[in-house]
Structure formats: structure tokens, C-alpha cells
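Topology and contacts: notes
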Amino acid sequence: MFLCGNASFYPFLKLHTFPIKSSIVEAKKKKYYVVWQGHEPGIYDSWTECQIQIKNYSGARYKSYSSLNEAKQAFAGNYENAIERKAKKILPKDAHIEWESWSVDAACSGNPGVMEYRGVDTKTGTEIFRAGPYNGGTNNVGEFLALVHAIALLKQYNQPNLPIYSDSKIAMGWLRKKHCNTKLKQTPANQKIFELIRRAEQWLKNNPYENPILKWPTGNQGEIPADFGRK
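Since this is a predicted model, take the numbers as computed values, not measurements. (Residues numbered from 1 in each chain as written. Predicted model: local features only at pLDDT ≥ 70, side-chain atom pairs only at ≥ 80, totals over all residues. Heavy atoms only, no water.)

Digging into helix α2 (residues 68-76)
Looking only at α2, the buried set comprises L68, A71, A74 and F75. Seen end-on, α2 carries its buried residues on one side only, within an arc spanning 125 degrees. Among the exposed residues of α2, those oriented more than 90 degrees off its buried face are N69, Q73 and A76. (Buried < 20%, exposed > 50% of the residue type's maximum accessible area, 1.4 Å probe, protein only. Helix = DSSP H or I, 4+ residues; strand = E, 2+ residues; numbered from the N terminus. Arc of directions from axis to C-beta.)

Following this line, the structure appears as C-alpha cells:
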């Protein structure tokens, strides 16, 4: 598949780069969060503590693990290696899935809260693009922006027939109408998100697309491959 390099072409977003730092924090609870890049990189035993490290930090990189040993091993390496290990575990389950495709998803802590989104290769799970985190967003808004981002990127790659999977019926409906019909109120904290929404809507009005937009069958396939795995 196609990996995103220079994003200067992209009309409503500049992609982030993610340098890796290191430190370590012991944790004892069931869920462990590795923060490779944030205010204080390390391993945290609650989502609340992890959120403190990534809030207002542009280009934060983090991921959850079910055991402390897994978290330590991941933190001893780097984010890219962690993503590659997860990607290798994604195998086709259903012949009806268009595996030669992209999948998008968003994650948001709170409603509104800290939001980010990404796109991956559906078959391998390899990350293609990521944006955020942004303050004062919602999951539906992130899903909408992720879809437009993927469509615009595929247009740049001249791939008009590659399908894109989403697990959000709401975002898919907004995409069809070329309008993000969110009830989210604009505030100084989420001004960036509303700027992205306006640019995405304008891009849709000026750029026709042909990529099939497909609903991911969560019921028999589980979480979409682009899922952030932090729940």
C-alpha cells in the first residue's frame, strides 16, 4: 500500500512527525498505557494519567497494553515497532471483506475531549496517516475528518477505486451530505477542529471522488483495523 510522506499537498491538514523519547514508570493495574511521546514519556496504569501526558501535546504517541510486561517490552523499543507487531496479528477472517483497502477510525477521551484519528492498511494494519490529538473534539467529528483525509490522500495517489472502511454510520452520512452536522459547540479550545471541519467540507464541495465508502462489520469481524485499542 501507499505510505504518506510529504503532506504539503493536503488541503486542510499538515501531518505530524513523532520523535521518540524514553523513561519508565511502574504500574500495577490491569490496563497499562505506554507514552513514547508526551509531556512525560513512560508507562502509566490508568487512562486518566495517560491523558495528562498527551493533552495539549502535539504529535503524542501512546498505546495500551493488557500486562505490565508487554508495556515494558513495547516501551523499551519504539512506537513504530509496536505498530508493526500489532499489524502482523491482523489476518483475514471473512471472504466478503475487501482486504485491499484502507480503514479509518478516531479516538476521543471525553465528549467533548481529546480527539485524534488515523488511517491504516486494512489487511496489514500498517498506519498510513495520523492526525491529532486535538482538544475539544468528538469521536464522530474525528471519524468524518478521517474519511475526508483518506479520500484526499487517495486522490493524490490517483487511486480512485480503493475502498475505505469506517465503523461510523454517522460520519458516513455526513460525508455523503458533504457537511459535518455536529452539535459540538465551537470554543477557543477547539478552534483548530472547526478549522479542519471547514476545510474538509470545502474540499468535498470542490473535489468529486469515486472511492467506495464501506461500513466495517464490527459484529463478525471485531474492531476495525484502525481502532486505537485504548478502550
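Notes on unusual backbone geometry
Residues other than glycine predominantly adopt negative phi, and peptide bonds predominantly adopt the trans conformation. Residue P112 is bonded to the preceding N111 through a cis peptide linkage, with omega at 0 degrees. Mapping P112 onto the fold places it in the loop between β4 (102-110) and β5 (113-121). Of note, the phi angle at N158 is positive, near 60 degrees, even though the residue is not glycine. Within the secondary structure, N158 is located in the loop between α4 (139-156) and β7 (164-166). In the Ramachandran plot, K178 falls in the positive-phi region, its phi being about 60 degrees despite a non-glycine side chain. With respect to the helices and strands, K178 occurs in the loop between α5 (169-177) and α6 (191-206). Judged by its relative accessible area of 33%, K178 falls in the partly exposed class.

Nothing here speaks to function; it is geometry throughout.
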